[in-house]
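# Commentary on secondary and tertiary structure
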Amino acid sequence: MGVSPDTSAHKRGTDSAPPEEAFRDDLSFAARIEKWYRQSGRDLPWRHTRDAYPIWLSEIILQQTRVEQGRDYWHRFTERYPSVEDLARASEDEVMRLWQGLGYYSRARNLLKAARQIVATGHFPASYQELLSLPGVGRYTAAAVASFAYDEPRAVVDGNVYRVLARHEGISTPIDSSPGAKEFALTAHQRLDKSRPALYNQAIMDLGAIICKPASPMCAQCPVADTCAALATGQVDSLPVKQQRPKTSERFLTFVCVTSPAGLYLMQKRGVGDIYRGLYQFPMWESDTPLSAPEVEKRLPPGRVTLIKSGVRHRLTHRLLHIDFYECLLDSPTCPIGGRWMTAAEVESCALPRPMEQVWAKLQSRNFATSKEMANFARADIKRKTQT
């Protein structure tokens, strides 16, 4: 349990698969996409191991994340935490900082919870049902890890698989409906190559990612084009079907970088129940409409207030954030706004909301206090002046 990825396995984790010749005379759906995959599939680092820990780690990272971006984060996590025991010993702040930039931070919190649960039980879950007990693991992730690590015959159904099956089988039931979920789960199970589930699942996912793309699919290169219902009926562009998306809500946020005369930043840690739970941020106000500069100044202690950036748009699932950033250089160390004073170096070690990253990069080039000695001096100076 929890060892470094084993790179001795053959390419793309198909070391248990039979030689290519075994597929040449088999015209089944599974055999044809498996043969295509062995020739054209993606060579991803977590496919070079049967160790459940790095496989599970990759699946959590790739939830809501493109493979190109997720690959770098997977390397970071496996280098920093080579085993699940190493991850379980990490603090939440450490994990959140390493996760910064991936978004959907509940995944990082659940990752740490799951690692601690695994260590507490004494073994890594070794089946689909056991995997479902982990925080942040649903049916897709459990099926992926169970099939890739243990060759358990469980069909994965992600966005790529939905698209391949909807088009090949001609299924018009909305994929985001209860009937659709049942129909696609049944179809996926029926199509699954139960003798080679890892190979098959990797093949159908890559077919969706490389060939059967959402736009401009490469039908001429598809190994199962001659049996594709959507291609035969001219429905490739209309499948799969989704129900109408929920209306997007809009939120207006104003962040203010409050800086003390000693060059420290005032930072706040988000509490439970919001999108940035567990992350650090500048003091922030939410309003029904954007706050004007005079309105922002009224909420702050005396100081020089400057607009850094306005009209930043950040889209989340079903939410659109409109964000303005200000800076307030305090006239005195007295500040009634709650939070913790930090040096630039300390802020750099914190996990920040994604919209703050560019603004922080712009600010951190300035000459603020960075050493522990300057920080201790500045805090002592603030405490002394506050008490007098």
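Going by the structure above, here's the rest.
What counts and what doesn't
Residues numbered from 1 in each chain as written. Predicted model: local features only at pLDDT ≥ 70, side-chain atom pairs only at ≥ 80, totals over all residues. Heavy atoms only, no water. Helix = DSSP H or I, 4+ residues; strand = E, 2+ residues; numbered from the N terminus. Expected span 1.5 Å × (residues − 1). Contact = heavy atoms within 4.5 Å. Polar contact = N/O pair within 3.5 Å; in protein donor to acceptor, adjacent residues only side chain to side chain. Salt bridge = Lys/Arg side-chain N within 4 Å of Asp/Glu carboxyl O. Buried < 20%, exposed > 50% of the residue type's maximum accessible area, 1.4 Å probe, protein only. Axes fitted to C-alpha atoms, helices over the stretch in contact; angles between N-to-C directions. Parallel < 35°, antiparallel > 145°, perpendicular 65-115°, else oblique. Nonpolar A, V, L, I, M, F, W, Y, C, P; charged D, E, K, R; others polar. Pairing = 2+ DSSP bridges. Left-handed = near helix turned anticlockwise from the far one by under 90°.

For helix α10 (residues 178-191), with 14 residues, the first-to-last C-alpha span of 20 Å sits near the 20 Å given by 1.5 Å per residue. Those residues of α10 hidden inside the fold are in contact with α9 (159-169). Taking the backbone nitrogen of Gly-180 as reference, a side-chain oxygen 3.0 Å away marks Ser-177 as the first, capping residue of α10.

This next bit is on the side chain of Thr-49. Mapped onto the elements, Thr-49 comes out in the loop between α1 (29-40) and α2 (52-61). A polar contact of 2.9 Å, which involves the side chain of Thr-49, links it to the backbone nitrogen of Asp-51.

A separate point is the pattern of salt bridges. Per the counting criterion, the structure on display carries 13 salt bridges. A salt bridge links Asp-86 to Arg-89; the shortest N-O distance between them is 2.5 Å. By relative accessible area, which is 62% here, Arg-89 ends up exposed. In this structure, the salt-bridge partner of Glu-152 is Arg-154, at a minimum N-O distance of 3.1 Å. Among the charged side chains, a salt-bridge network with shared partners connects Glu-34, Asp-193 and Arg-196.

A few words on the packing of helix α3 (residues 67-80) against helix α5 (residues 92-99). Packing of α3 against α5 leaves a shortest axis separation of 10 Å and a crossing angle of 150 degrees. In terms of orientation, α3 and α5 fall into the roughly antiparallel class. Listed contacts from α5 to Tyr-73, Arg-76, Phe-77 and Arg-80 of α3 are Glu-94, Val-95, Leu-98 and Trp-99. For the contact of α3 with α5, the per-class residue count stands at five nonpolar, no polar and three charged.

With that out of the way, let us pick up the pairing of strand β5 (residues 303-316). Remark: a regular strand shows side chains that alternate across the two faces of the sheet. Direction of pairing for β5 relative to strand β6 (residues 319-330): antiparallel, over a ladder of 11 bridges. Paired with Arg-315 across the strands is Leu-320, a residue of β6. Adjacent in sequence and paired antiparallel, β5 and β6 are bridged by two residues, among which His-318 carries a positive phi angle near 65 degrees.

On to the packing of α2 against helix α6 (residues 106-121). Geometrically, a packed helix pair is captured by the angle between its two axes and the distance between the axes. Contact geometry of α2 with α6 gives a least axis separation of 10 Å together with a crossing angle of 160 degrees. Overall, the two elements α2 and α6 adopt an arrangement that is roughly antiparallel. The element α2 and its partner α6 pack so that their crossing is right-handed. The segment α2 lies against α6, with Trp-56, Leu-57, Ile-60 and Ile-61 engaging Arg-107, Leu-111, Ala-114 and Ala-115. Within the contact of α2 with α6, the residues separate by chemical class into seven nonpolar, no polar and one charged.

Shape is all these values report; function is a separate question.
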